[in-house]
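Survey of secondary and tertiary structure
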Amino acid sequence: MTDVQNSRKTNLFILLCSIFLTNAILAEIIGVKIFSAEKTLGFEPVNWTFFGEYLLDFNLTAGAVIWPVVFITSDIINEYFGKKGVRKISFITAGLITYVFLIITLVTELVPADFWLEVNSQMPSGDQFDINYAFNTIFRQGLGIILGSLTAFLIGQLIDVFVFQKLRAATGSRMIWLRATGSTLVSQFIDSFVVLGIAFYVFGNWSLSQIIAVGLINYIYKFSVAVLLTPVLYVAHEAIDRYLGKDMAEKMTKDASSDRAFL
């Protein structure tokens, strides 16, 4: 492999890992906001009832909006760098997410400056506003949510890698959509329930029916987005193959499928 080819391989890995890492950490930070998908699109809430007791609408965490990008990027890394590449960036990301939460926890303990509280003491409506309370409420997350997010992230990634490799062994270089979408659908099914179970059942006070109901809504969203983003996967593959060159791209995907790939 020439120096130019090695450089392109390294640049591709850095770019894909940067996209993966940025979106994963951002999803964790913005995930504190819950939004109504129906009202955002201009519809009334569906008011579905699950198990005869729990009313549920399409309310999702803001992090779910960009989370499919993480799993698509993971599949692309898996395609060209194999499971070693995915595992490496997954553990690095988990470590950095932990670091982010630790720093946020420390920052929320800092005593706010008086002038900062004063200049931000009113909302546009004239009502009183406590910016330090708002800052802490937005950024600080409970231990259960943090543990649930990290556990679900790592389990989801490891399952995604496993299913992806099994499907690739069965399909070879064909049917990219099957191994990418199939691995995402399986891993996200587990992810959707693990994070809620740890955060709100083990550490919280949700009932099992609430966990199942909310988990189903999150999975329906992720399932739908994974299918809709399938064309994006093919566009990304085409662009990467052109960047690497046909021969190098084929060699990398072959090495990835035989577990010889990485840098």
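Structural data are supplied above this passage.
Residues numbered from 1 in each chain as written. Predicted model: local features only at pLDDT ≥ 70, side-chain atom pairs only at ≥ 80, totals over all residues. Heavy atoms only, no water.

A closer look at the overall build of the protein
Looking only at helices and strands, the protein has 10 helices and 4 strands in total. Here the protein holds 263 residues, and 44% of them are scored as buried. Counting only contacts in the protein whose residues sit at least 6 apart along the sequence, the fraction spanning at least 24 positions is 74%. Surface summary for the protein: the accessible area is close to 14,200 Å², and the carbon and sulfur share equals 66%. Averaging the positions of the 19 positive and the 21 negative side-chain charges in the protein gives two centres separated by 15 Å. (Helix = DSSP H or I, 4+ residues; strand = E, 2+ residues; numbered from the N terminus. Buried < 20%, exposed > 50% of the residue type's maximum accessible area, 1.4 Å probe, protein only. Contact = heavy atoms within 4.5 Å. Areas by Shrake-Rupley, 256 points an atom, 1.4 Å probe, with all protein chains shown as cover. Lys, Arg positive; Asp, Glu negative; His and termini not counted. Charge placed at Lys NZ, Arg CZ, Asp CG, Glu CD.)

Topic: helix α3 (residues 63-108)
Under the 1.5 Å per step criterion, the end-to-end length of α3 is only 21 Å for 46 residues, more than 12% shorter than the ideal 68 Å. At F81, α3 is deflected by roughly 130°, the largest bend along its length. (Expected span 1.5 Å × (residues − 1). Bend = angle between axes of the 7 residues up to and from the residue.)

Overview of the pattern of salt bridges
Applying the stated criterion to the full structure yields 4 salt bridges. Of the charged contacts, one joins E79 and R179 as a salt bridge, the two residues approaching to 2.9 Å between their closest N and O atoms. Placement of E79 in helix α3 and of R179 in helix α7 (residues 176-202) is noted, with a sequence separation of 100 residues between them. Each of the salt bridges in this network shares a partner with another, and the network as a whole consists of E79, R168 and R179. (Salt bridge = Lys/Arg side-chain N within 4 Å of Asp/Glu carboxyl O.)

So, the packing of helix α1 (residues 3-30) against α3
Contact pair α1 / α3: the axes reach a minimum separation of 6 Å and the direction vectors enclose 40°. The angle between the axes of α1 and α3 places the two elements in the oblique class. For the pair α1 and α3, the crossing hand works out as right-handed. Taken together, the residues that form the contact of α1 with α3 break down as 25 nonpolar, 7 polar and 2 charged. (Axes fitted to C-alpha atoms, helices over the stretch in contact; angles between N-to-C directions. Parallel < 35°, antiparallel > 145°, perpendicular 65-115°, else oblique. Left-handed = near helix turned anticlockwise from the far one by under 90°. Nonpolar A, V, L, I, M, F, W, Y, C, P; charged D, E, K, R; others polar.)

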